[in-house]
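# Report on the structure
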Amino acid sequence: MDVVTMLVMSLAAAAAAAGFLAVEWRILRNPALLLWSAGFATIVLGCSLSPVRAASFLVGVWFANGLLVVAHLLFLFGTARFTGRRVAPLWWGLLLAWTGLLLLPAGIDPTPAFAMTNSGLVALAALRAAHLLLSRAGTPFPERTAASDALGAVFLAHGTFYAVKALLVPVPGAFVSLVGFKGVLIQVSLFEGILVEMLLALLMAAAVRRRREEAMTALAERDPLTGAFNRRAFESRAAEALRDMAAGRQSGALLLLDVDRFKTVNDSFGHAVGDRILVALTGVLEACLPRHAILARLGGDEFVILVPGLDEAAASALGAAIRDRMARESSRGLPTAATVSLGAALFSGGPGGLDTLMALADTALYEAKAHGRDRLQARRLEPPAERVPDRSGPGAATHMSAQGGCCA
């Protein structure tokens, strides 16, 4: 395929990508899409000017190829908006290097300097965009998705290609003439550009749509104040987890907890302080719980946790850790001390139903309140074959004090 045909195809692909992302922006209103669309529109303009390079080197080569650098900077800043990370405006300073090419002495072949500089600047912007998508350190970017990872991988491959391209500029035959579109790498670049333009546009839209779906799911499943799961989400996830645990006859625990004398706190200090306590408690729980635990706010100041694999000793240690950390949080940033009571339903050899565990944990929580609050109280649910009738309440009564000890 000749160079002119590939150039027209690249222009058409970039125009389609710009239009597609602009339509997506009209629907989704994500600013990243607008920046990405502007990047492709810039490529369209650059490709449109390329045919005049024989008549005007300044317009057809310097300005047209400089627009390719501008387009990738727009891709970079769009990626920063998408990931929620900040990119310093100094990145636009890359254009100073491109402007410096105008100072090359007349009478020398500018092809090597232009080709190497253009490829290097595009590589820097693309690789930085890939880093934003594939790195999670120090960023509010949510859990990675297949679409965002794929987008990062395309930017990584694209940036690597241009970095290698910059290194190959001195190779004989790689870049023969920028004006005449002569050289193996010029043809390869046009072909690579067509593929990358289509992939980037599709993955950009897919990543934003996936982010929107996650946001909508979070709104439906998360408590707006604390960010923990709500009751409906917990019941769905806990039921599935309990089925898996029953199949593997795995032990675990379901814990109910609430803030001691929470109504008094609200009445004395106001609901704003109560909300701060609930948010602080959620942070404490997230810090103390293992990653596979399921945490939810049931309503008011009541929280529920399902922890697979938790035995009696571990439950006692977890309860102590939660209470100790909450005490430290109260002393540092809350206007009043806040303590929590916990009731645990322990099971082994496979759990019972969710309703049974909730009732048992509720009984244990009531006992923790009755025994002075600020403690963990537990009851054990034995497997059906091992269950011993007990007139004192559901399950066999194994209780743990706040310090982890047991009493009848």
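Residues numbered from 1 in each chain as written. Predicted model: local features only at pLDDT ≥ 70, side-chain atom pairs only at ≥ 80, totals over all residues. Heavy atoms only, no water.

## Focus: the overall build of the protein
Check the secondary structure of the protein and you find 12 helices and seven strands. In the protein, which comprises 408 residues, the proportion classed as buried is 48%. Relative to all contacts within the protein whose residues are 6 or more apart in sequence, the contacts with residues 24 or more apart total 68%. (Helix = DSSP H or I, 4+ residues; strand = E, 2+ residues; numbered from the N terminus. Buried < 20%, exposed > 50% of the residue type's maximum accessible area, 1.4 Å probe, protein only. Contact = heavy atoms within 4.5 Å.)

## Some words on the pairing of strand β1 (residues 252–259)
In terms of burial, β1 is a largely internal element, eight of the eight residues being buried. Side chains Gly252, Leu254, Leu256 and Asp258 of β1 all project onto a buried face; the interleaved residues Ala253, Leu255, Leu257 and Val259 project onto the opposite face, where all are buried too. The pairing of β1 with strand β3 (residues 302–308) spans six bridges and is classified as antiparallel. When the sheet's bridge partners are listed, Leu256 is paired in β3 with Val304. Where β1 lies against strand β4 (residues 340–347), eight bridges are found, and the strand directions are antiparallel. Paired with Leu256 across the two strands is Gly343, which belongs to β4. (Pairing = 2+ DSSP bridges.)

## Re a nonpolar patch on the surface
The grouping of Leu45, Val52, Leu58, Val59, Phe63 and Leu102 at the surface amounts to a nonpolar patch, some 470 Å² of accessible area in total. Checked against the element boundaries, Leu45 lands in helix α2 (residues 31–49). Since its relative accessible area comes to 42%, Leu45 is described here as partly exposed. (Patch = residues over 30% accessible without salt bridge, like charges linked within 9 Å, V, L, I, M, F, W, Y side chains within 5 Å. Areas by Shrake-Rupley, 256 points an atom, 1.4 Å probe, with all protein chains shown as cover. Salt bridge = Lys/Arg side-chain N within 4 Å of Asp/Glu carboxyl O.)

## What about the packing of aromatic side chains?
Following the criterion strictly, the structure yields eight aromatic pairs and no others. Relative to Tyr162, the ring of Phe161 lies with its centre 5.5 Å away and its plane at 80 degrees, an arrangement referred to as edge-to-face. Residue Tyr162 is classed as buried on the basis of its relative accessible area, which comes to 5%. An aromatic cluster is built from Phe40, Phe75 and Phe155, whose rings are joined through pairwise contacts. (Phe/Tyr/Trp six-rings, centres within 6.5 Å; stacked < 30°, edge-to-face > 60°.)

## Regarding the confidence of the model for the protein
With 88% of its residues at a pLDDT of 70 or more, the protein shows a mean pLDDT of 87. Note that residues 391–408 has pLDDT below 50 and, in this model, 46 contacts with residues that lie over four places away or in other chains. (pLDDT = per-residue confidence, 0-100.)

## Some details on the pattern of salt bridges
It is possible for side chains of opposite charge to pair when their charged atoms get near one another. For the structure on display, the rule yields 12 salt bridges. Note that Lys369 and Asp258 form a salt bridge whose closest N and O atoms lie 2.5 Å from each other. In this pair, Lys369 is assigned in helix α12 (residues 354–370) and Asp258 in strand β1, connecting sequence segments 111 residues apart. Look at Asp258 and you get buried, because its relative accessible area is 13%. When the shortest N-O distance is used, the salt bridge between Lys263 and Asp267 registers 2.9 Å. Taken together, the residues span about one helical turn, with Lys263 and Asp267 both in helix α9 (residues 262–269) at a distance of four residues.

## Examining the nonpolar core
Of all hydrophobic cores here, the largest spans 54 residues; its most connected members are Trp36, Phe40, Phe75, Leu151, Phe155, Leu200 and Met204. Sorting the residues of this core by element identifies α1 (3–28), α2, α3 (57–83), α4 (94–100), α5 (111–134), α6 (146–168) and α7 (184–221) as the ones contributing at least two each. Filtering out sequence-adjacent residues up to four positions away, Met204 remains in contact with Leu21, Leu33, Trp36, Phe40, Phe75, Leu151 and Phe155. Of all hydrophobic cores here, the second largest spans 34 residues; its members include Leu278, Ile305, Leu310 and Ala344. (Core = buried A, V, L, I, M, F, W, Y, C linked by side-chain atoms within 4.5 Å.)

## Points about the sheet that holds strand β2 (residues 294–299)
Either a parallel or an antiparallel arrangement is found when strands of a sheet pair, and the pairing is made through backbone hydrogen bonds. Read across the open sheet, the five strands follow the order β2-β3-β1-β4-β5; overall the sheet is mixed. Each end of this open sheet is capped by a strand with a single partner; those strands are β2 and β5 (376–381). When strand polarity is set aside, the average angle formed by the axes of neighbouring strands in this sheet is 20 degrees. Along the sheet face, α12 touches β1, β2, β3, β4 and β5 and points at about 140 degrees away from the line of β4. (Axes fitted to C-alpha atoms, helices over the stretch in contact; angles between N-to-C directions.)

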